[in-house]
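Understanding the architecture of this molecule
Chain by chain, the residues:
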Amino acid sequence: MEQYEIEIIPINFFSGGKIYRDWVDITPSEAYKMFLEDPDSFNTSSASPEDCLQAFRKASQRAASILCITVSTKLSTLYNAARDARDLAKTELPQTTIEVMDSYSATPSEGMVALASARAAAEGKDLEEVISTAEAIKDKVRAIVFLDTIKHVYRSGRIPKIASRLGSALNIKPILTVSGVVHFAGMARSRKHGIERMLQMMRSRVDNFPVHVAVTHAYALDEAERLKELIASEFNCTELWIAEFSPVMGYACGTGTVGIAFYTES
């Protein structure tokens, strides 16, 4: 964000009767502490068109063209809010061209699309070329997430609360992929098996090609560090970093979640 001056449109969440803006008013680690203390009071809401417009105003001060990359429309209404903000900006920012793109993803894989786009812009490419870069990475990037527990997944609206509780009692740990929507890719009975399953899925797509990788976690830094070491020792990583899983997603996944997002240079 700092290096490429990327503006972030924060998504709101509620806890203890207060509203917080993700990464603005509170860090993910602080949010997860609140979640663990009172998970039933934790909830989320999408950003408003005004939130998006504020980000467009800031970006327009240093750029004539803006590409806004949002979380998948299957997971959030942010894309629609950004499009509404773009329409409002036509009057307020008539000299600024704004395009809105659905990333078909979320969290670090969405971030990888944004980062590749920002790098293209920094190289002097025009908006059309930046959009082409974003589309290319969007088609290649993959995200795999391992949940330490299934008991909070009912919050996503995907399964009933009773099923979450039953799955938790049976110690079922799901493995999910994100591609437009969240897909169930398998399950494990232990963290060790779940991590190995994720790595197997990554191997099948990466082969020996150079790969960009982000390891993500929800209040599980030690586990993320170990996973990063495993990836670094096995794959030809062009870049490899650790990012915290947004509590906006983590409230339905629960703490202990770890994941990987990646794309190859092939």
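The preceding data block contains the structure.
No experiment lies behind these values; they were computed from the predicted model shown. (Residues numbered from 1 in each chain as written. Predicted model: local features only at pLDDT ≥ 70, side-chain atom pairs only at ≥ 80, totals over all residues. Heavy atoms only, no water.)

**Let's talk about the pattern of salt bridges**
Heads up, the condition is: By convention in these notes, a salt bridge is any Lys or Arg side-chain nitrogen within 4 Å of a carboxyl oxygen on Asp or Glu. Only DSSP runs of H or I reaching four residues or more are called helices, and only runs of E reaching two or more are called strands; each is numbered from the N terminus. The classification of residues rests on relative accessible area computed with a 1.4 Å probe and restricted to protein chains. Under 20% of the type maximum is buried, over 50% is exposed, and intermediate values are partly exposed.
Enumeration over the complete set of coordinates arrives at 16 salt bridges. For the salt bridge of Asp87 with Lys90, the shortest nitrogen-to-oxygen distance reads 3.7 Å. Of this pair, Asp87 and Lys90 both sit in helix H3 (residues 78-92), 3 residues apart, which is roughly one turn of that helix. Judged by relative accessible area, Asp87 falls into the partly exposed class, the value being 39%. With relative accessibility at 56%, the residue Lys90 sits in the exposed group. Between Arg203 and Glu234 there is a salt bridge, with the nearest N and O atoms lying 2.4 Å from each other. Of this pair, Arg203 sits in helix H7 (residues 191-206) while Glu234 sits in helix H8 (residues 221-234), and the two are 31 residues apart along the sequence. A residue is classified by how much of its surface remains accessible, and Arg203, at 30% relative accessible area, is partly exposed. Given the relative accessible area of 38%, Glu234 is considered partly exposed. What emerges from the salt-bridge pattern is a single network uniting Asp148, Lys173, Arg191, Glu223 and Arg226.

**Examining the sheet that holds strand E7 (residues 173-179)**
As a reminder, the rule being used: At least two DSSP bridges between two strands are needed for those strands to be called paired. Lines fitted to C-alpha atoms define the axes, with helix axes restricted to the stretch in contact, and inter-axis angles between N-to-C directions lie between 0 and 180 degrees. What makes two residues a contact is simply this: any of their non-hydrogen atoms within 4.5 Å.
Reading across the sheet, the 6 strands line up as E8-E7-E6-E11-E9-E10 and stay open at both edges, with mixed pairing between neighbours. The strands lining the two open edges of the sheet, one partner per strand, are strand E8 (181-188) and strand E10 (237-244). Pairs of neighbouring strands in the sheet enclose a mean axial angle of 20°, with direction left out of account. Relative to strand E11 (residues 258-264), strand E9 (residues 211-217) is paired through 7 bridges, and the arrangement is antiparallel. Counted as the bridge partner of His217 is Val258 from E11. Strand contacts of H7: strand E6 (142-146), E7, E8, E9 and E11, with the helix running at about 10° to E11, the strand carrying the most contacts.

**Digging into the environment of Ala134**
Examined against the element boundaries, Ala134 turns out to sit in helix H5 (residues 127-140). Sequence separation of Ala134 and Thr27 is 107 residues, and the distance between their C-alpha atoms is 27 Å.

**Some details on the pairing of E7**
Taking burial as the measure, the 7 residues of E7 include 6 buried ones, the bulk of the element. Relative to E7, E6 is paired through 3 bridges, and the arrangement is antiparallel. Within E7, the position partnered with Ile144 by the bridge is Thr177. The turn joining E7 and E8, which pair antiparallel and follow one another in sequence, is formed by 1 residue; a positive phi near 80° is taken by Gly180.

**Examining the sheet that holds strand E1 (residues 12-15)**
Strand order in the open sheet formed by 3 strands is E2-E1-E3, and the pairing between neighbours is antiparallel. Bordering the open sheet on either side are strand E2 (18-21) and strand E3 (43-45), each of which pairs with just one other strand. Averaged over all neighbouring strand pairs, the angle between strand axes comes to 30°, with direction disregarded. In terms of strand pairing, E1 meets E2 through 4 bridges, oriented antiparallel. Of the residues in E2, the one forming a bridge with Asn12 is Arg21.

**Observations concerning helix H4 (residues 107-122)**
Our working rule: By definition here, a helix of n residues has an expected span of 1.5 Å times n minus one.
In a regular helix each residue adds 1.5 Å, so 16 residues correspond to 22 Å; H4 covers 22 Å between its end C-alpha atoms and thus fits that length. Residues Pro108, Ser109, Glu110, Met112, Val113, Leu115, Ala116, Ser117, Ala118 and Ala120 constitute the buried set of H4. Residues of H4 that are buried in the fold lie against strand E4 (65-70), H5, E6, E9, E10 and E11. Following H4 by one or two positions, Gly124 has its phi on the positive side, about 95°.

**Focus on the packing of H4 against H5**
Definition in use: An angle below 35 degrees is read as roughly parallel, one above 145 as roughly antiparallel, one from 65 to 115 as roughly perpendicular, and any other as oblique. In this scheme, a crossing is called left-handed if the near helix is turned counterclockwise away from the far one by less than a right angle; it is called right-handed if the turn is clockwise.
Running from amino to carboxyl end, H4 crosses H5 at an angle of 150°, the nearest separation of the two axes being 8 Å. By the angle class used here, H4 and H5 are roughly antiparallel. When the axes of H4 and H5 are compared, the crossing they make is right-handed. Contact residues: H4 offers Met112, Val113, Ala116, Ser117, Ala120 and Ala121, while H5 offers Val130, Thr133, Ala134, Ile137 and Lys138.

**Considering H3**
Note on helix geometry: an α-helix contains 3.6 residues per turn, so any two residues three or four positions apart are oriented the same way. Note the cut-off: Here the arc refers to the set of directions running from the helix axis out to each C-beta atom.
If you check H3, its first and last C-alpha atoms are 20 Å apart, about what 15 residues at 1.5 Å a residue would give, namely 21 Å. Residues Leu78, Tyr79, Ala81, Ala82, Ala85, Arg86 and Ala89 constitute the buried set of H3. Buried residues of H3, seen end-on, are gathered within an arc of 150° and therefore sit on one face of the element. Away from its buried face, by an angle of more than 90 degrees, H3 presents the exposed residues Lys90 and Thr91.

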